[in-house]
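# Observations on the three-dimensional arrangement
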Amino acid sequence: MYDEAGHRPGRATRRAVLGTIASVAAAGIAGGCAWDRLGRGGGDDRAGAGAGPVSRAGGSGHTFERLSAPDRTLVRAADGGTLATFTDGARTAVLTGPTRTFSEPRTTTATVTTDVWVRVLPHEWQRGMERTAWFKGWFTRTLGDTSPDVFAVAFEYSSAGAPDKHDAAGVRYAGTAHYGPRDRGVSDPLDFGYHSERSDFYDYLGIPWTFPDGTRALPEKARYGDVDCSGFQRLVWGYRMGIPLRGTNTEGAGLPRRAFAIAAHGPGRLLIPVTGEAPTDLSILQPGDLVFFSIIKERPKLIDHCGMYLGLDDRGRPRFYSSRSAANGPTMGDLSGHSLLDGTDFYARGFRAARRL
């Protein structure tokens, strides 16, 4: 948990707020980082960014505060630390919980440690929802929940190795994922085309899929266990976390297929629009946001890669997680470009947009 100034409260305060959550935490899974507007720990919340009135939930000891840019509701503990953030028009909820750490020694020496847990709401958040019965029950259950969140689910597909998991029908729904089949026309393993893209979540699963509009997709046997960058986000956010999916790249309800379509037409809130230039102010980001890149130099406005923002790594750098050819699957690593949003490296230069689902 973090306070308004970005400082962590003392141990006794943390225990008083979170109760026994930490005692049941699963150690060594995935993480993000305590965050403020950039990920450093509550600075934006203190500034207010158009802070609205504070209201108190009856009997809970929590207070609710409205902020803007983007419009959102913060839940604060008695000591002022932020327990949760809910963004208007988005289903992504960020809550404080036990600290976890991401690492991927195969591809990077960087680690990301966090007390942020990313959950998916049953409905898009709207102002005033904290007063509804469903929210009061949901929040009470979820604040102390240590079952896999979005980050933990995403790392169940790490290219560095993740154990297989099967459902009752025998479908492998989790386990090490790869990017795509080997492209024999490309010889350099660090080339972006060394493994072929076009692998969607149903290819990884090896099952046919019917979308709400009636479109039916069939998996390719050669792509079993594979997901490209947008296919990975659809596997995590859609198949696993329940955000509706669609089979096209046009406007409509649900998460579309391609990275450019998710940036332009995806659900939730567009935080950083595409301008053709890399954004210099990352303060609006929070862990769990989708980030989008242009990796073709000659087409600076073409979005052709996407990932998930994790927060700050152990060097204070904003790090993301995406499925990429060089790592041959989901990675937070630095093969063929560092997984960073700032600086002058390849992906930082190509960073173009962000969306909160």
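Residues numbered from 1 in each chain as written. Predicted model: local features only at pLDDT ≥ 70, side-chain atom pairs only at ≥ 80, totals over all residues. Heavy atoms only, no water.

## Thoughts on empty space enclosed by the protein
Going by this rule: For cavity detection a 1 Å grid was placed over the protein atoms alone, and a set of points counts as a cavity when a 1.4 Å probe fits there but cannot get out; an open set counts as a pocket when protein lies on both sides within 12 Å along at least five of seven lines, with lining residues being those that have an atom within 4 Å of a point. Grid points are joined across faces, edges and corners, and a volume is the space filled by probe spheres set on the points. Counting from the N terminus, the helices are the DSSP runs of H or I reaching at least four residues and the strands are the DSSP runs of E reaching at least two. Residues are grouped as follows: nonpolar covers Ala, Val, Leu, Ile, Met, Phe, Trp, Tyr, Cys and Pro; charged covers Asp, Glu, Lys and Arg; every other residue, Gly included, is treated as polar.
Considering all chains together, one arrives at 1 cavity of 30 Å³ or more under this definition. By volume, the largest cavity is sized at about 40 Å³. What lines the largest cavity is L95, T96, G97, P98, W117, R119, T142, L143 and D145. Residue assignment for the lining of the largest cavity shows that the elements contributing at least two residues are β5 (92-103), β6 (111-120) and α3 (133-143). Residue contributions to the lining of the largest cavity peak at 4 residues, all from β5. Split by residue class, the lining of the largest cavity holds 4 nonpolar, 3 polar and 2 charged.

## With respect to the packing of aromatic side chains
Stated formally: Any two rings among Phe, Tyr and Trp, with Trp reduced to its six-membered ring, count as a pair given centres within 6.5 Å; such a pair is stacked if its planes are under 30 degrees apart, edge-to-face if over 60, and tilted if neither. Exposure classes here rest on a 1.4 Å probe applied to the protein chains alone. A residue is buried below 20% of its type maximum, exposed above 50%, and partly exposed in between. In this analysis the charged atom, NZ for Lys or CZ for Arg, is taken to sit over a ring once it is within 6 Å of the ring centre and within 35 degrees of the ring normal.
For the structure on display, the rule yields 25 aromatic pairs. Geometrically, the ring pair formed by F86 and W138 is edge-to-face, given 6.0 Å between the ring centres and 70 degrees between the ring planes. Of the two residues, F86 sits in strand β4 (residues 82-87) while W138 sits in helix α3, which places them 52 residues apart along the sequence. Comparing F86 with W138, the two get one shared label, buried. Consider the rings of F201 and F211, whose centres lie 6.2 Å apart with planes at 85 degrees: the pair is edge-to-face. With a gap of 10 residues between them, F201 in helix α5 (residues 201-205) and F211 in the loop between β9 (209-210) and β10 (216-217) connect regions that are remote in the sequence. Following the ring pairs from residue to residue traces out a cluster consisting of F64, F86, W125, W134, F135, W138 and F139. The ring of W117 carries the charged tip of R100 above its face, separated from the ring centre by 3.7 Å.

## Examining the side chain of S159
The test is simple: Contact definition: two residues touch when any of their heavy atoms are within 4.5 Å.
Here S159 shows up in the loop between α4 (150-154) and β7 (165-166). Setting aside residues up to four positions removed in sequence, S159 forms contacts with E104, R106, T176, A177, A327, N328, G329, P330 and T331.

## Examining α3
Selection rule: It is the directions from the helix axis to the C-beta atoms whose arc is reported.
Where α3 is concerned, the buried positions are F135, W138, F139, T142 and L143. Taken around the axis of α3, the buried residues stretch over an arc of 110 degrees, which confines them to a single face. Among the exposed residues of α3, those oriented more than 90 degrees off its buried face are A133, T140 and R141. Its buried side turned inward, α3 meets β2 (63-67), β3 (72-76), β4, β5 and β6.

## Overview of the sheet that holds strand β12 (residues 290-293)
Heads up, the rule is: Strand pairing requires that DSSP identify at least two bridges connecting the strands. Throughout, an axis means a line fitted to C-alpha atoms (over the contacting stretch in the case of helices), and angles, computed between N-to-C directions, take values from 0 to 180 degrees.
What the 6 strands build is an open sheet, ordered β11-β16-β12-β13-β14-β15; its pairing is antiparallel. Of all strands in the sheet, those with a lone pairing partner are β11 (269-272) and β15 (329-331), marking the two edges. Ignoring strand direction, the axes of neighbouring strands in this sheet form an average angle of 30 degrees. Packed onto the sheet, helix α6 (residues 229-240) meets β12, β13 (305-312), β14 (318-324) and β15 and runs at close to 60 degrees relative to β13.

## Some details on the environment of A353
Its location among the elements puts A353 in strand β16 (residues 351-356). With a relative accessible area of 0%, A353 lands in the buried category. Counting along the chain gives 83 residues from A353 to L270, while the straight-line C-alpha distance between them is 8.0 Å. In this view, A353 contacts I272, P273, V274, L290, V291 and F292; residues no more than four positions away in its chain are not counted.

## Here's the deal with the layout of surface pockets
Regions of empty space are outlined by a rolling probe, equal in size to a water molecule, passed over the atoms. Taken as a whole, the largest pocket holds about 380 Å³ of empty space. Residue assignment for the lining of the largest pocket shows that the elements contributing at least two residues are α6, α7 (259-265) and β14. Partitioned by chemical class, the residues of the lining of the largest pocket number 10 nonpolar, 7 polar and 7 charged.

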